Amino acid sequence: MYVIVAGGGKVGANSTRSLLEMGHEVTMIEQRAERFVRLEQEFGPIVVRGDATEINVLEVAGIARPPELLLSVTGDDEDNLVISQLGREKYGVPKVIARVNDPRNQPHFDLLDIPMTVCPTSSILGLVEHEIPEHGLVQLLELQREGLEIVEAQIESNSPAAGNRAGGLKLPEGARLISVFRHGRTELVEAGTVIRPGDQLLAVVADGSAQDLRRALLGASKS
Amino acid sequence: MGAGATSAGATLRAVKALVIGCGRTGAAVAKGLVGDGWDVTAVDESEDALIRLGSGWSGGFVLGHGLDSSVLTRAGVADTDAAVVATDGDNTNVVIGQVLQRRHGIPSVVVRVFDPARARFYSERGLQTVCPTQTAISELLDAVRTARLEPTEA
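Residues numbered from 1 in each chain as written. Chains lettered and ligands numbered in written order. Predicted model: local features only at pLDDT ≥ 70, side-chain atom pairs only at ≥ 80, totals over all residues. Heavy atoms only, no water.

Participant: Now, about the overall build of chain B: what can you tell me, with residues and values included?
Facilitator: Summing up its helical and strand segments, chain B has six helices and eight strands in all. If one aligns the C-alpha atoms of chain B with their principal axes, the spans along those axes are about 75 × 35 × 35 Å. Of all 154 residues assigned to chain B, the portion counted as buried reaches 40%. Long-range pairs, those at least 24 residues apart, make up 43% of the contacts in chain B with a sequence separation of at least 6. Where the 14 positive side-chain charges of chain B centre and where its 17 negative ones centre are 4 Å apart. (Helix = DSSP H or I, 4+ residues; strand = E, 2+ residues; numbered from the N terminus. Buried < 20%, exposed > 50% of the residue type's maximum accessible area, 1.4 Å probe, protein only. Contact = heavy atoms within 4.5 Å. Lys, Arg positive; Asp, Glu negative; His and termini not counted. Charge placed at Lys NZ, Arg CZ, Asp CG, Glu CD.)

Participant: Tell me what's going on with the overall build of chain A, and back it up with residues and numbers.
Facilitator: Counting its regular elements, chain A contains seven helices and eleven strands. Its C-alpha atoms give chain A principal-axis dimensions of about 65 × 30 × 30 Å. Looking at the 223 residues of chain A, the share that counts as buried comes to 45%. The long-range share in chain A, meaning contacts at least 24 apart out of those at least 6 apart in sequence, stands at 56%. Surface exposure of chain A reaches about 11,600 Å², of which carbon and sulfur atoms provide 51%. Averaging the locations of the 22 positively and 32 negatively charged side chains of chain A gives two centres separated by 5 Å. (Areas by Shrake-Rupley, 256 points an atom, 1.4 Å probe, with all protein chains shown as cover.)

Participant: I'd love a proper account of the interface of chain A and chain B, names of residues and values included.
Facilitator: Contact with chain A, which involves 18 residues of that partner, is made by 16 residues of chain B. Across the chain A to chain B interface the summed buried area is about 1,500 Å²; carbon plus sulfur atoms make up 57%. It is A:E78, A:H108 and A:L111 in chain A that bury the most area against chain B; as a group they hold 36% of the surface buried on that side. Taken together, the links from chain A to chain B amount to two salt bridges. Taking the shortest distance from any N to any O, the salt bridge between A:D113 and B:R102 comes out at 3.9 Å. Inspection of the chain A/chain B interface yields eleven residue pairs in polar contact (both at pLDDT 80 or more). Per-element accounting of the side of chain A that touches chain B gives the leading share, eight residues, to helix α4 (residues 77-90) of chain A. Residues that form the side of chain A that touches chain B fall into these classes: seven nonpolar, four polar and seven charged. (Buried area = accessible area lost by both parts, 1.4 Å probe. Salt bridge = Lys/Arg side-chain N within 4 Å of Asp/Glu carboxyl O. Polar contact = N/O pair within 3.5 Å; in protein donor to acceptor, adjacent residues only side chain to side chain. Nonpolar A, V, L, I, M, F, W, Y, C, P; charged D, E, K, R; others polar.)

Structural data, given as structure tokens:
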């Protein structure tokens, strides 16, 4: 697979290293002179010096072939957006993954049709919620194209769902319980499955209905 | 709210404009629009912009980044008719321009882009761009081509 990595910071350099180890062909673009020298020492001639938002720099890196994958991972969100738009819309790159540095910019990536984004800050906060679940409901995965979220809920003794059969719960439209993890084992949820305190439930829920699902399973917000 | 010019008994609202990025160009554009009687709000990350707008500035001013939705809300994006985006970053400008156009539905958005190639790409995608570099290139070419050169003896 041919991959262009725009941005040679920690994310770009580590991704490049891994992609090369997997046997892929990579070209990396880095603008900062000092950083470029260090990258060139490690990676050799696959590093192109320049501003990856400039069309001629992208073309030197082979954007017109086009690559199967473009990683827009500079430290600047507007730059990542423009690189992603140029790759997708001007050169027809089939897969573009963009880094979102400031989670508040996520809506702009969504608006401009950059479907695959990675936001380290949001990921870390997701992990914090997973490890310290004071909200009771943790988003594990967002399936943007499908408009679905996979979430995990920790059932407590005072949760409204505790003691009820799954089939009898009033869940928001588009929500389904998938599995329950208890005593170290996972079971698929069926209509007759009784939800108990201590259960960890996996559920799929339509985008935007997670709060309703939380209320149905866990009651009013604890935070 | 808007100045009330009246016509046949109906009150007309002044055209409301946002100018995002208030450097030399943005500030001059903002002042020009106020001179035309428009209701203008300027947005800039630096309070120095107020110096450029001058003590006679009668429009609004919001301190902050043009991609920050709370800044746009305070600047009154909801009932804005036109926007000029002229921060010092081309990529910032095209992203703000698209957000204003697509999310906020502002009918007239004009964006400054220095790089001619990016200006062309985004104007082909329906964003109105102004490229000072391209203007300078054209004018310099015209000027030098029409210069009257005296024939010199070989």
